[in-house]
Amino acid sequence: MDDNETIDKKFQKELIAGISALVLLRVLDGAEQPMYGYQIAKIIASGQDKAPRFKQGVLYPVLRSLEEAGLLESKVEPSVSGPPRRYYQITELGHATLQRWVNIWNESNVYVNTILEGRYHV
């Protein structure tokens, strides 16, 4: 791996770490019923054609963190085809937090794009 690849991978990792909670809340906000980790991972992976890789190993610690913060709740249910599965769903606090975070994301996105496009005053 050359230096550019190393630097790019580090940047992507930091970027994903910063947005993973937002992405997970949005996926669960749009779900009609509670979802287990692998289902969530498949949805996230389906949108990654040109996006940085969101690895499944990031998913579970973030889900636990969101649950500890009261933004998600979970329950374990038996599975017909294997070990029990933990199903997650967003809470009312999670819905409210997602709305605020989307606003923060949009404001941040405008700011970053302004700088990247050179539309700033010196």
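Report follows, based on the coordinates. (Residues numbered from 1 in each chain as written. Predicted model: local features only at pLDDT ≥ 70, side-chain atom pairs only at ≥ 80, totals over all residues. Heavy atoms only, no water.)

1. Describing the pairing of strand β2 (residues 72-79)
Bridge analysis of β2 against strand β3 (residues 82-90) gives seven bridges, and the strand direction is antiparallel. Bridge pairing in β3 links E77 to R85. Taking the residues that link successive antiparallel strands as the turn, the β2-β3 hairpin has two residues. (Pairing = 2+ DSSP bridges. Helix = DSSP H or I, 4+ residues; strand = E, 2+ residues; numbered from the N terminus.)

2. Side note on the sheet that holds strand β1 (residues 35-36)
Strand order in this open sheet of three strands is β1-β3-β2, and the pairing throughout is antiparallel. If you trace the sheet from one side to the other, it starts and ends with β1 and β2, each paired once. Of the strands in this sheet, β2 and β3 are in contact with helix α3 (residues 56-68), which crosses β2 at around 125°. (Contact = heavy atoms within 4.5 Å. Axes fitted to C-alpha atoms, helices over the stretch in contact; angles between N-to-C directions.)

3. Quick look at the side chain of S79
Its place among the elements puts S79 in strand β2. Engagement of the side chain of S79 in a polar contact is seen with the backbone nitrogen of S81, the distance being 3.3 Å. (Polar contact = N/O pair within 3.5 Å; in protein donor to acceptor, adjacent residues only side chain to side chain.)

4. Re the packing of aromatic side chains
With the rule as written, the count across this model stands at one aromatic pair. The interplanar angle of 75° and the centroid separation of 5.4 Å between the aromatic rings of Y36 and Y87 together place this pair among those described as edge-to-face. One end of the pair, Y36, is in strand β1; the other, Y87, is in strand β3, with 51 residues separating them in the sequence. Take Y36 and Y87: they sit in the same class, and that class is buried. Against the face of Y36 rests R85, its NZ or CZ located 4.1 Å from the ring centre. (Phe/Tyr/Trp six-rings, centres within 6.5 Å; stacked < 30°, edge-to-face > 60°. Buried < 20%, exposed > 50% of the residue type's maximum accessible area, 1.4 Å probe, protein only. Lys NZ or Arg CZ within 6 Å of the ring centre and 35° of its normal.)

5. Focus: the packing of helix α1 (residues 3-29) against helix α2 (residues 37-46)
Following both chains from N to C, one finds α1 and α2 inclined at 110°, their axes separated by 11 Å at the closest point. For the element pair α1 / α2, the angle class is roughly perpendicular. Residues V23, L24, V27 and L28 of α1 touch α2, and the partners they reach there are I40, I43 and I44. (Parallel < 35°, antiparallel > 145°, perpendicular 65-115°, else oblique.)

6. Details of the nonpolar core
Nonpolar side chains in soluble globular proteins tend to end up buried together. Formed by 21 residues in total, the largest nonpolar core has its most connected members in L24, L28, I40, L59, L63, L66 and L72. Of all the elements in the fold, those that place two or more residues in this core are α1, α2, α3 and β3. If one sorts the elements of this core by residue count, α1 sits on top with seven residues. Apart from residues no more than four positions distant in its own chain, L28 is found in contact with M35, I40, L63, L72, Y88 and I90. (Core = buried A, V, L, I, M, F, W, Y, C linked by side-chain atoms within 4.5 Å.)

7. Thoughts on the packing of α1 against α3
It is at 10 Å that the axes of α1 and α3 come closest, and there the two elements cross at 75°. When the axes of α1 and α3 are compared, the pair comes out roughly perpendicular. Residue-level contacts link S20, A21, L24, L25 and L28 of α1 to V58, L59, V62, L63 and L66 of α3. Partitioning the contact of α1 with α3 into residue classes produces nine nonpolar, one polar and no charged. (Nonpolar A, V, L, I, M, F, W, Y, C, P; charged D, E, K, R; others polar.)

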